[in-house]
Amino acid sequence: MLKYILKKFGYMIVTLWIIITATFFLMNLIPGDPMQSGTKVLPEAVAKNLEAKWGLDKPIGERYLHYLKNITHGELGESYTTPGLTANEVIGSRLPASIRLGLQAVGVGLVLGLLIGIIAAFHRNSWIDFIAIFIAIFGVSIPSFVFAALLQKSLGGTFFPIVGWVTDGMGLADSLRVTALPTLSAAIGGIATYSRFMRSSVLDVLNNDYILTAKSKGLSNGEIIRRHVLRNSITPIISIVAPQIAGIVTGSFVIERIFSIPGLGRYYVDSVNGRDYPMIMATTIIFSAIFIFSIGIMDILYALVDPRIRKSLIK
């Protein structure tokens, strides 16, 4: 098992290096000058000095090797649009908000999705099942930013603030109140996905003979769910939880912009618009690392949960 984990870690490092390399060369091959992007117009002498400072006057191959060397030392570069501001500082200040939003959204989506899926499976073809199917269709069909606008219109402005995020010194109750609407907006897709998959998985498990045996022994539905259904039906869910975590953390820039959340996704969009190469590279590395790490953890959890996969790896 340890050999398998080390092998997966090696694959993750190689994958991350490929993404870094592809992003670096594609970004630098785009026509245009980052020193004169958008409405920013610098005197020619100033632009030349900045290009020399950041090494933009050197060949692209030399810049690539220099960038890889800096990465190994944990240096992700300095912003072109805001000189003196490093990518490490931006990530340190903005990434926690994105991670908190992503983890809360996945947690809410997972709990509600699994609960709805299990209840719908045990009440198949009833009105409860139809409501669960409607929630799944609604969550998949409605974009998160549309659902966010609906929440702001219907619930925002009274108990729940329309925009804003957690600040230092804020209590637990206030922080949950402030983050409720953006969390639910980001979680709606997960609720729909998890409930749909869980319903199908539970229905497959309920058709097995050992469930009939458990019922014949007089076990209640709660005991059947806890002892037999959850463990045997949760395996397919693991395969989609990790991409969901990575997708929400790395793709929440729309929610962050709607609710004015100071997250990294929102800054990533601004960096692309401003052709801020170091910031684009830094955020791409962080987002890619989160996604790759989540997929790797998913594979390891899959092996831990499913004895058949674990035995094949040990062999």
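Notes on the structure in this doc start here.

The helix and strand tally for the protein chain stands at 14 helices and zero strands. Counting from the amino terminus, helix and strand elements in the protein chain follow one another as α-α-α-α-α-α-α-α-α-α-α-α-α-α. When contacts within the protein chain are restricted to residue pairs at least 6 apart in sequence, those whose partners lie at least 24 apart make up 73%. Working note: accessible area of the protein chain is about 17000 Å², and carbon and sulfur atoms make up 66% of it.

Following the criterion strictly, the structure yields seven aromatic pairs and no others. Both rings, one in Phe24 and one in Phe25, keep their centres 5.7 Å apart while their planes meet at 80°; by these two values the pair is edge-to-face. With relative accessibility at 6%, the residue Phe24 sits in the buried group. Classification of Phe25 by relative accessible area gives partly exposed; the value is 27%. Geometrically, the ring pair formed by Phe134 and Phe138 is stacked, given 6.2 Å between the ring centres and 25° between the ring planes. Taken together, the positions of Phe134 and Phe138, both in helix H5 (residues 127-141) and four residues apart, correspond to about one turn of that helix. What links up through ring pairs into an aromatic cluster is the set Phe24, Phe25, Tyr64 and Tyr67. The aromatic ring of Phe159 is capped on one face by Arg177, whose charged end is 5.6 Å from the ring centroid.

Together, Trp127, Phe130, Ile131, Ile133 and Ile137 line one region of the surface with nonpolar side chains, adding up to about 550 Å² of accessible area. Examined against the element boundaries, Phe130 turns out to sit in helix H5.

Bringing the side chain of Thr183 into the picture now. Here Thr183 shows up in helix H7 (residues 172-206). For Thr183, the contacting residues outside a window of four places in its chain are Leu101, Gln104, Ala105 and Val108.

A few words now on the pattern of salt bridges. Pairing of side chains with opposite charge becomes possible as their charged atoms draw close. Considering all chains together, one arrives at two salt bridges under this definition. Two residues, Arg199 and Asp129, come together in a salt bridge whose shortest N-O distance is 2.7 Å. Taken together, the residues Arg199 in helix H7 and Asp129 in helix H5 connect sequence positions 70 residues apart. A salt bridge links Arg177 to Asp174, with the shortest nitrogen-to-oxygen separation between them at 3.6 Å. Separated by three residues within a single helix, Arg177 and Asp174 lie in helix H7, roughly one turn from each other. On the accessibility criterion, Arg177 (25% relative accessible area) is partly exposed.

Calculation rules
- Residues numbered from 1 in each chain as written.
- Predicted model: local features only at pLDDT ≥ 70, side-chain atom pairs only at ≥ 80, totals over all residues.
- Heavy atoms only, no water.
- Helix = DSSP H or I, 4+ residues; strand = E, 2+ residues; numbered from the N terminus.
- Contact = heavy atoms within 4.5 Å.
- Areas by Shrake-Rupley, 256 points an atom, 1.4 Å probe, with all protein chains shown as cover.
- Phe/Tyr/Trp six-rings, centres within 6.5 Å; stacked < 30°, edge-to-face > 60°.
- Buried < 20%, exposed > 50% of the residue type's maximum accessible area, 1.4 Å probe, protein only.
- Lys NZ or Arg CZ within 6 Å of the ring centre and 35° of its normal.
- Patch = residues over 30% accessible without salt bridge, like charges linked within 9 Å, V, L, I, M, F, W, Y side chains within 5 Å.
- Salt bridge = Lys/Arg side-chain N within 4 Å of Asp/Glu carboxyl O.

None of the figures reported here should be taken as evidence of function without further support.
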